[in-house]
Amino acid sequence: MGERIGFIGLGIMGRPMALNLLRAGYSLAVHARRVESMRPLIEAGASACGSPAELADRSDVIFTMVSDTPDVESVILGENGVLAGVHPGSVVVDMSTISAAVTRRLAERLGERGVEMLDAPVSGGEAGAIDGRLSIMVGGAESTFARVLPLFHVMGENIVHVGGHGAGQVCKSCNQILVGATIVAVAEAMRLAQASDVDPARVRAALLGGFAGSRVLDVHGQRMIDENFEPGFKARLHQKDMRIVAEAAQELGLSLPSANAVARYLDVLVGQGLGELDSSAIYLVLRDLSREPSAHSSLPSGIG
Ligand code: NAP
């Protein structure tokens, strides 16, 4: 196939996304800090690169799927980063969830070198990444979006060009507000049912067919009923996303009280050492609040 692909960040999400590109017949170069992260890709036919610069030198389209804003900055701008090896005419596609403001600055830096950038964060979790059924929200130039679209189709199903640079990341922040606030609402509903001696499983079943029905009620409601918080989407990553929302709100002078409340629940959960649990474990914080009224005093203001 035509475009030579490079992929940096081979974790829970990046590994299956890169594997899908390889299986679709694209030539693939990979880079990770830890050799063991690259091994499954190399065994499947990808070539390994010693640095992001080397990978960029050998690729036409460079994907990044790392953890947080500083990680994308270091992969692109750092020593032996993408910027040190990339050629004019190549495209950098960042699929991590990071700050929209930093994304715009990175797009500008790459643009000075004749390199286009897209921000393309995703929703759909590990299962969506494995099945190639992610939702992909894209920011950047229309022509660059059209060029990368065939590659997005390998990784996702619902692919929307939202707007200019950073618009994909803004869309992802909107997604995280909706998911987080709905998790809190479902947790409160499950608690009310339980405390009223009404079976939460039957409440969930009744509500799923009505106006309150949602994927969060379906999937996370069941997790709360079973008290099974295997991730899923780790609470510490959702906490990171709500920090990105809070920073954007502050820059824009916006008040987003529901987003603040979600962030506080996640701060408590992660502060209890439970950041590796699924973010629907917010339910545990709420449950402990009603069990131990004295716990209110130890919680940040805004919840309890
Ligand atoms: P993950 O399993 O922790 O993987 C992150 C990968 O990024 C690791 O393989 C790590 O490389 C690499 N990395 C991190 N910092 C790096 C740096 N400074 N330089 C080079 N490589 C670096 O995380 P994930 O779940 O795949 O999430 C990746 C992104 O997708 C995050 O922004 C997350 O918010 C977003 N996301 C996740 C989900 C989900 O359900 N998991 C859903 C939607 C969006 P090494 O292996 O070398 O350490």
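The residue numbering used here restarts from 1 in each chain and proceeds along that chain's sequence as written. Local features are withheld for residues below a pLDDT of 70 in this predicted model, meaning they are given only at 70 or higher, and side-chain atom pairs are given and counted only at 80 or more; totals for whole chains, interfaces and linings count all residues. Calculation of side-chain values draws on the structure's entire complement of heavy atoms; hydrogens and water are dropped beforehand.

Secondary structure summary: the protein contains 13 helices and nine strands in total. For the radius of gyration, the atom set is restricted to C-alpha positions; the globular benchmark scales as 2.2 Å times the number of residues to the power 0.38. The C-alpha atoms of the protein give 21 Å as radius of gyration, which agrees with the globular expectation for 304 residues (19 Å, within 12%). When the backbone C-alpha atoms are referred to their principal axes, the protein occupies close to 65 × 40 × 35 Å. Within the protein, buried positions represent 48% of all 304 residues. The long-range fraction of contacts in the protein, counting pairs at least 24 apart against all pairs at least 6 apart in sequence, stands at 65%. Accessible surface computed for the protein: about 13,900 Å², of which carbon and sulfur atoms make up 52%. In this tally, Lys and Arg are treated as positive and Asp and Glu as negative; His is ignored, and so are the chain termini. Note that the charge is assigned to NZ on lysines, CZ on arginines, CG on aspartates and CD on glutamates. A gap of 2 Å separates the mean positions of the 26 positive and 34 negative side-chain charges of the protein. The numbering of helices and of strands both runs from the N terminus, where a helix is a DSSP run of H or I of at least 4 residues and a strand a run of E of at least 2. Any residue under 20% of the maximum accessible area for its type is buried, any over 50% is exposed, and the rest in between are partly exposed; the area is computed with a 1.4 Å probe on protein chains only. Contacts are residue-level and defined by heavy atoms, with any inter-residue pair within 4.5 Å sufficient. Calculation of accessible area relied on Shrake-Rupley with a 1.4 Å probe; when residues are assessed, cover is drawn exclusively from the protein chains displayed.

Time to look at the pattern of salt bridges. Between Lys or Arg on one side and Asp or Glu on the other, a salt bridge is scored when a side-chain nitrogen of the former is within 4 Å of a carboxyl oxygen of the latter. Summed over the entire model, instances satisfying the criterion amount to 15 salt bridges. Between Glu276 and Arg236 there is a salt bridge, and its shortest N-O distance comes to 2.7 Å. Taken together, the positions of Glu276 in the loop between helix H12 (257-271) and helix H13 (282-291) and Arg236 in helix H11 (residues 235-252) put the pair 40 residues apart, joining distant regions of the chain. Among the salt bridges present, the one from Arg287 reaches Asp288, with a minimum N-O distance of 3.4 Å. On the accessibility criterion, Asp288 (22% relative accessible area) is partly exposed.

Right, let's talk about the site of the ligand for a bit. Neighbouring residues of the ligand: 23 residues in total, closest Ile12, Arg33, Ser37, Ser67 and Lys240. The term polar contact refers here to a pair of N or O atoms within 3.5 Å; inside protein, the definition further demands a hydrogen-donor-capable atom paired with an acceptor-capable atom, and it admits residues adjacent in sequence only when both atoms are side-chain atoms. Contact distances for the ligand include 3.3 Å between an oxygen atom and a backbone N or O atom of Gly11. The separation between an oxygen atom of the ligand and a polar side-chain atom of Lys240 is 2.7 Å. Across the complex, the protein chains shield 91% of the 900 Å² of accessible surface that the ligand would expose by itself. One heavy atom suffices: a residue is near a molecule or strand as soon as one of its heavy atoms comes within 4 Å of it.

For every domain, the bounds stem from an assignment made automatically or drawn from a database. In terms of domains, the protein is made up of domain 1 (4-164) and domain 2 (170-298). The gap between the C-alpha centroids of domain 1 and domain 2 is 30 Å. Contacts between the two partners involve 15 residues from domain 1 and, on the opposite side, ten residues from domain 2. What gets called buried area is simply the loss in accessible area from a 1.4 Å probe that two parts show on being joined, summed for both. Taken together, the two surfaces of domain 1 and domain 2 that pack against each other cover about 950 Å², and 62% of this comes from carbon and sulfur. Among the residues of domain 1 in contact with domain 2, Asp68, Thr97 and Met137 are the three that bury the most area, contributing 40% of the side total.

Now for helix H1 (residues 14-23). An α-helix turns once every 3.6 residues. As a result, residues three or four positions apart point the same way. Burial of H1 is extensive: eight of the ten residues sit out of reach of the surface. Gly14, Pro16, Met17, Ala18, Leu19, Asn20, Leu21 and Leu22 are the residues of H1 that are buried. Note on H1: the residue one or two positions beyond its end, Gly25, has a positive phi of about 105°.

Before going further, it helps to spend a moment on the side chain of Arg287. Position of Arg287 relative to the elements: it lies in helix H13. When near neighbours in sequence (up to four residues on either side) are disregarded, Arg287 contacts Arg191 and Glu227.

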